[in-house]
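# Per-entry structural report
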Amino acid sequence: TRLILATRNAGKITELHAILADAGLDLELVGADAYPEVPDVKETGVTFAENALLKAHALARATGLPAVADDSGLCVDVLNGAPGIFSARWSGTHGDDRANLDLLLAQLSDIADEHRGAHFACAAALALPDGTERVVEGTMPGTLRHAPVGTNGFGYDPILQPEGHDVTCAELTPAQKNAISHRGKAFRALVPVVRELLG
Ligand code: ITT
Ligand code: NA
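Residues numbered from 1 in each chain as written. Chains lettered and ligands numbered in written order. Predicted model: local features only at pLDDT ≥ 70, side-chain atom pairs only at ≥ 80, totals over all residues.

### Overview of the UniProt feature "binding site: Mg(2+)" (unreviewed entry) in the protein
This chain's UniProt record puts "binding site: Mg(2+)" (unreviewed entry) on Asp 71. Judged by C-beta crowding, with 30 C-beta atoms within 10 Å, Asp 71 ranks as buried. Not counting residues within four places of it along the chain, the set of residues in contact with Asp 71 comprises Phe 48, Asn 51, Ala 52, Lys 55, Ile 85 and Ala 123. (UniProt positions renumbered as here; feature names shortened; annotations may be inferred. Buried ≥ 20, exposed ≤ 12 C-beta atoms within 10 Å, placed from the backbone. Contact = placed C-beta atoms within 7 Å.)

Put into structure tokens, the structure is as follows:
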């Protein structure tokens, strides 16, 4: 069975291929880039779960194939959970990871270490062409550095130091990050659901 990964974020696609391959799913994974004619859906939801479902349904409907989607972001305690669902466009330019990270660091420049708690969150949604839907979530708690460190991963990885580690997510290997990440947790939880619905 083909399973569409309803994302155009290259960092997510790399991680999802590894996470889903490790889970031993016997599926052909196809990125949304294979369907350029399908327009990006407007992320009008107010939660990660709502937006993940919107993206998965849009691709499943348009392709007639099962689709999984990821909506994710960084939630900062002292900002009451922002950037949250607005993480990809915090600076005003969607997908400009460096500008988003730089703006967030500037906004937090006066915040002392003990108040720099944050977590990554991910909602993983599965949608079938008949409208069947499932969504599960995962988080990765940590603290925010004052300056970016590391070159692995994507997005806000260089500033989030996961709980129990003394390096940033961008210093972890891809396998180390996937083992503890919001995305790893969410999609590993989705795997039995995929098995149940797709065989
Ligand atoms: P798709 O909608 O096509 O999947 P997107 O990049 O627009 O791609 P989101 O709306 O879910 O996806 O935005 C997620 C943003 O949150 C992403 O741009 C990163 O800045 C941040 N983010 C999510 N997961 C992350 C991770 O594992 N490491 C670092 N930053 C992450
Ligand atoms: Na989003």
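### As for helix H1 (residues 10-22)
End to end, H1 covers 19 Å across 13 residues, agreeing with the expected 18 Å (1.5 Å per residue, within 8%). Considering only its buried residues, H1 is in contact with strand S1 (2-5), strand S2 (28-31), strand S3 (67-76), helix H4 (174-180) and helix H5 (182-198). (Helix = DSSP H or I, 4+ residues; strand = E, 2+ residues; numbered from the N terminus. Expected span 1.5 Å × (residues − 1).)

### Structural notes on the environment of Asp 96
Assignment of secondary structure puts Asp 96 in the loop between S3 and helix H3 (97-107). Separated by 59 residues in the primary sequence, Asp 96 and Gly 155 place their C-alpha atoms 8.3 Å from one another.

### Some points on the pairing of S1
The pairing of S1 with S2 spans 4 bridges and is parallel. Across the sheet, the residue bridging to Leu 5 is Gly 31, located in S2. With H1 bridging S1 and its parallel neighbour S2, the resulting β-α-β unit is right-handed. The pairing of S1 with S3 spans 2 bridges and is classified as parallel. Looking across to S3, one finds that Ile 4 is bridged to Ala 67. (Pairing = 2+ DSSP bridges. Right-handed = clockwise from strand over helix to strand, strands pointing away.)

### Some details on the sheet that holds S3
Backbone-to-backbone hydrogen bonds join strands into a sheet, with any given pair of strands oriented parallel or antiparallel. Judged by pairing direction, the sheet is mixed, and its 6 strands sit side by side in the order S2-S1-S3-S4-S5-S6 without closing on themselves. This sheet does not close on itself; its edge strands, each paired only once, are S2 and strand S6 (160-162). Neighbour-to-neighbour, the strand axes of this sheet turn through a mean angle of 35°, independent of strand direction. Where H1 meets the sheet, its contacts fall on S1, S2 and S3, and the angle it forms with S2 comes to roughly 175°. Relative to the sheet, H5 contacts S3, strand S4 (117-127) and strand S5 (133-144), its axis offset from that of S4 by approximately 15°. (Axes fitted to C-alpha atoms, helices over the stretch in contact; angles between N-to-C directions.)

### Topic: the confidence of the model for the protein
On average, residues of the protein score 96 in pLDDT, and 100% of them reach the 70 mark or higher. The ipTM, which scores confidence in the relative placement of chains, is 0.98 for this predicted complex, and the corresponding pTM is 0.98. (pLDDT = per-residue confidence, 0-100.)

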